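Each chain, letter by letter, is given below.
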Amino acid sequence: MTLEEAKAKLTALQGKMSAYQHATSLIYYDGVTAAPKKTAENRAHTLGILSEEQYRLATGEETVALLEYLDENKAALDTREQRTVYLLLKDIRQMRKIPMDEFVAYQMLLVEADDVWHTAKETSDFALFEPILEKIFETNIRFAGYCAPEKAPYDYWLNEYEEGASMESLDRFFATLRAHIVPLLKKTQAAPQLDNSLIRGHFAAEKQDILSHKLMELIGLDNEHVGLSTTEHPFTISFGSHLDERITTHYYEEDVSYSMFSVIHEGGHALYDTGSDDSLAWTVLDGGVSMGIHESQSRFFENILGRSRAFCDYIFPVIAEIFPEEMRGHTAEEFYRAVNRAEPSLIRTEADELTYCLHVMIRYELEKRVMAGELSVHDLPAEWNRLYKEYLGIDVPDDKRGVLQDSHWSGGSIGYFPSYALGSAYGAQYLRKMKQTVDVDGCLRSGNFAPINDWLRERIWRHGCTYRPNELFEAATGENFDPTVFTDYLEEKFADLYGL
């Protein structure tokens with residue numbers, strides 16, 4: 001086999017892998033959006049077969065021989081080719097350590113878990129979800145033991161979501177956030193509260209849907225490649241490549257801000273994915289490099305841009321045009337203050353920019369302890385409720401608004417949650433660097449996201465997974481990650497809002 005023949009086989013292999021991903025993603029998407037309730041068994045059957053084929057394709061002797069040949073000749077490969085071989089070999093070597101029957105069984109378990117989670121959340125019945133969640137945690141611990149026996153199981157999964165992350169690094173990170181956010185929150189709670197009544201009331205879902213599509217167009221999403229649906233828990237998903245992306249939202253008619261910011265948040269994810277260079281389509285380099293970098297895009301759009309005074313100045317007249325009665329007599333400044341009210345709350349996805357990371361810290365602490373065997377799945381609800389009282393000072397009335405509120409555990413995403421806090425912090429450094437060459441506030445006040453998107457596309461989006469997360473971040477910002485840039489941003493913003 002010549003090197004050129006090997007490269008051609010590598011391209012064909014990635015094409016097949018992306019096709020399987022396309023198929024399995026479509027089945028998942030259907031299950032959480034449009035599929036009838038009692039159809040999980042059918043999806044599990046199909047995904048069981050497809051996941052077995054994926055496993056065989058990825059771990060087969062022919063695939064391994066191809067990648068090892070290319071790895072031995074990596075000096076003759078360009079940067080992208082070297083990175084492709086590295087990522088594929090890393091994934092395959094790990095996957096081969098997991099027995100195929102266990103891998104397939106886990107994929108089928110997750111289909112069942114998602115179905116049961118929806119029912120458990122609707123009925124606020126953690127006991128219904130508990131046996132499946134126990135299996136999910138047990139499987140994640142076992143798989144980590146197969147793949148990296150030298151590591152603590154949670155460290156393995158943290159690194160899978162954000163390369164380089166560990167309990168040691170995240171303990172330091174969260175300690176820094178806690179040291180700044182907790183006293184700042186106490187100061188805001190002692191000050192007169194911001195009025196958020198104008199975003200509460202009755203806002204018809206049909207009109208919110210109009211606003212959603214206007215927001216998607218405004219921030220620069222291509223409606224020929226990005227679709228919008230509704231689901232219980234908003235998310236973004238790619239179908240095989242960046243050429244087909246879907247975002248979802250959930251409409252609460254009593255609160256116009258929830259869907260608005262979920263669309264902007266998921267839109268940030270979609271902009272990142274669809275911003276990959278077209279030459280990366282159907283390759284393992286397509287799309288975001290890590291969940292921390294991914295969440296840095298969504299949280300940047302949702303909060304740093306979307307909740308800014310400049311953007312509120314622009315978007316309020318648009319909202320007032322769609323909801324003239326509801327917004328009559330109000331101003332853009334009132335809207336800005338309403339959507340930035342800092343207030344301890346039950347639901348992470350509804351949390352304000354200041355308290356949000358406290359929600360993430362709670363989940364991080366719980367996952368860390370379950371993965372270490374220090375906390376049982378059975379005791380999660382009680383410990384969840386205790387930490388919400390300790391961190392946020394609020395009582396959790398039921399499991400629906402407590403331990404069952406997020407979909408991540410039902411999808412097997414153990415170790416994902418810290419990405420939200422990391423992403424929030426990354427965004428503050430993007431803003432500082434971006435302002436050196438882009439009039440960010442001017443762009444937002446005029447509704448012109450093009451210069452902002454161009455900056456992000458050039459430094460982050462177009463590269464896909466070509467570089468490691470820290471390499472990409474440092475190249476984009478020109479500096480190492482520093483969480484105090486984020487805490488400084490929060491202290492300046494909320495001191496201004498609350499007159500501190």
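Structure's up top.
Residues numbered from 1 in each chain as written. Predicted model: local features only at pLDDT ≥ 70, side-chain atom pairs only at ≥ 80, totals over all residues. Heavy atoms only, no water.

**Focus on the overall build of the chain**
Of the regular secondary structure elements, the chain holds 21 helices and three strands. Its C-alpha atoms give the chain a radius of gyration of 23 Å, near enough to 23 Å, the size a compact globule of 500 residues would have. For the chain, the C-alpha atoms occupy an extent of roughly 70 × 50 × 45 Å along the three principal directions. Burial analysis of the chain (500 residues in total) assigns 56% to the buried set. Looking at the chain alone, contacts between residues at least 24 apart form 75% of all its contacts between residues at least 6 apart. If you sum the accessible surface of the chain, you get close to 20600 Å²; carbon and sulfur atoms cover 50% of it. Both charge centroids of the chain, one from 49 positive and one from 82 negative side chains, sit 3 Å from each other. (Helix = DSSP H or I, 4+ residues; strand = E, 2+ residues; numbered from the N terminus. Rg over C-alpha atoms; globule rule 2.2 N^0.38 Å. Buried < 20%, exposed > 50% of the residue type's maximum accessible area, 1.4 Å probe, protein only. Contact = heavy atoms within 4.5 Å. Areas by Shrake-Rupley, 256 points an atom, 1.4 Å probe, with all protein chains shown as cover. Lys, Arg positive; Asp, Glu negative; His and termini not counted. Charge placed at Lys NZ, Arg CZ, Asp CG, Glu CD.)

**Digging into helix α7 (residues 153–161)**
When you tally the buried positions in α7, you get seven out of nine residues, the bulk of the element. Those residues of α7 that sit buried are Y154, D155, Y156, W157, L158, N159 and Y161. At its buried positions, α7 is contacted by α4 (79–96), α6 (126–147), α8 (167–190), α11 (291–305), α15 (356–371) and α17 (418–434).

**Notes on the pairing of strand β3 (residues 245–249)**
Burial analysis of β3 places four of its five residues in the buried class, which makes it a mostly covered element. Sheet analysis places strand β1 (residues 226–230) next to β3, joined by five bridges and oriented parallel. Across the sheet, the residue bridging to G227 is R246, located in β3. As paired elements, strand β2 (residues 236–238) and β3 share three bridges and run antiparallel to each other. By the bridge assignment, I237 is partnered in β3 with R246. (Pairing = 2+ DSSP bridges.)

**Topic: the nonpolar core**
A general trend in soluble globular proteins is that nonpolar side chains are found buried together. Grouped together as the largest cluster of nonpolar side chains are 159 residues, with contacts concentrated most on M260, F300, F301, F335, L380 and I452. Of all the elements, α15 adds the most residues to this core, at ten residues. Apart from residues no more than four positions distant in its own chain, I452 is found in contact with F300, L305, M434, V438, V440, C443 and L444. If you look at the next biggest cluster of nonpolar residues, it comprises six residues, including I27, A44, L50 and V111. (Core = buried A, V, L, I, M, F, W, Y, C linked by side-chain atoms within 4.5 Å.)

**Topic: empty space enclosed by the protein**
With a probe scaled to a water molecule rolled over the atoms, the places where space remains empty come into view. Within the structure shown, the criterion is met by three cavities of 30 Å³ or more. In this structure, the largest cavity spans a volume of roughly 50 Å³. Lining the largest cavity, in full, are W117, F129, W384, V403, L404, D406 and W409. Among the residues forming the lining of the largest cavity, the class breakdown is six nonpolar, no polar and one charged. (1 Å grid on protein atoms, 1.4 Å probe; cavity = no way out; pocket = protein on both sides within 12 Å on 5 of 7 lines; lining within 4 Å. Points joined across faces, edges and corners; volume = space filled by probe spheres on them. Nonpolar A, V, L, I, M, F, W, Y, C, P; charged D, E, K, R; others polar.)

**A few points about the side chain of D399**
Mapped onto the elements of the fold, D399 is located in the loop between α16 (380–392) and α17. Within the buried core, D399 has no salt-bridge partner, and the shortest N-O distance to an opposite charge, that of R401, equals 9.8 Å. When residues no more than four places from it in sequence are discounted, the contact partners of D399 are S124, F126, P381, L404 and Q405. (Salt bridge = Lys/Arg side-chain N within 4 Å of Asp/Glu carboxyl O.)

**As for the environment of L387**
Looking at the secondary structure, you find L387 in helix α16. On the basis of relative accessible area, L387 is assigned to the buried category, the value being 4%. The spacing of L387 and E61 is 326 residues in sequence and 49 Å in space, taken between C-alpha atoms.

**Section: unusual backbone geometry**
In terms of backbone geometry, most residues other than glycine have negative phi values and most peptide bonds are trans. The backbone phi angle of S124 is positive, close to 55 degrees, even though this residue is not glycine. Tracing the backbone through its elements, the reader meets S124 in the loop between α5 (100–123) and α6. Overall, S124 belongs to the partly exposed group, its relative accessible area being 26%. Residues other than glycine seldom take positive phi values, yet W282 does so here, at roughly 65 degrees.

**Some words on the pattern of salt bridges**
Going through the model one piece at a time under the given rule, you end up with 34 salt bridges. Between E52 and R56 there is a salt bridge whose closest N-O contact spans 2.8 Å. Note that E52 and R56 are positioned in helix α2 (residues 40–59) at a spacing of four residues, about one turn of the helix. The exposure class of E52 is partly exposed, given its relative accessible area of 27%. Its salt-bridge partner being K90, residue E160 comes within 3.3 Å of it at the nearest N-O pair.

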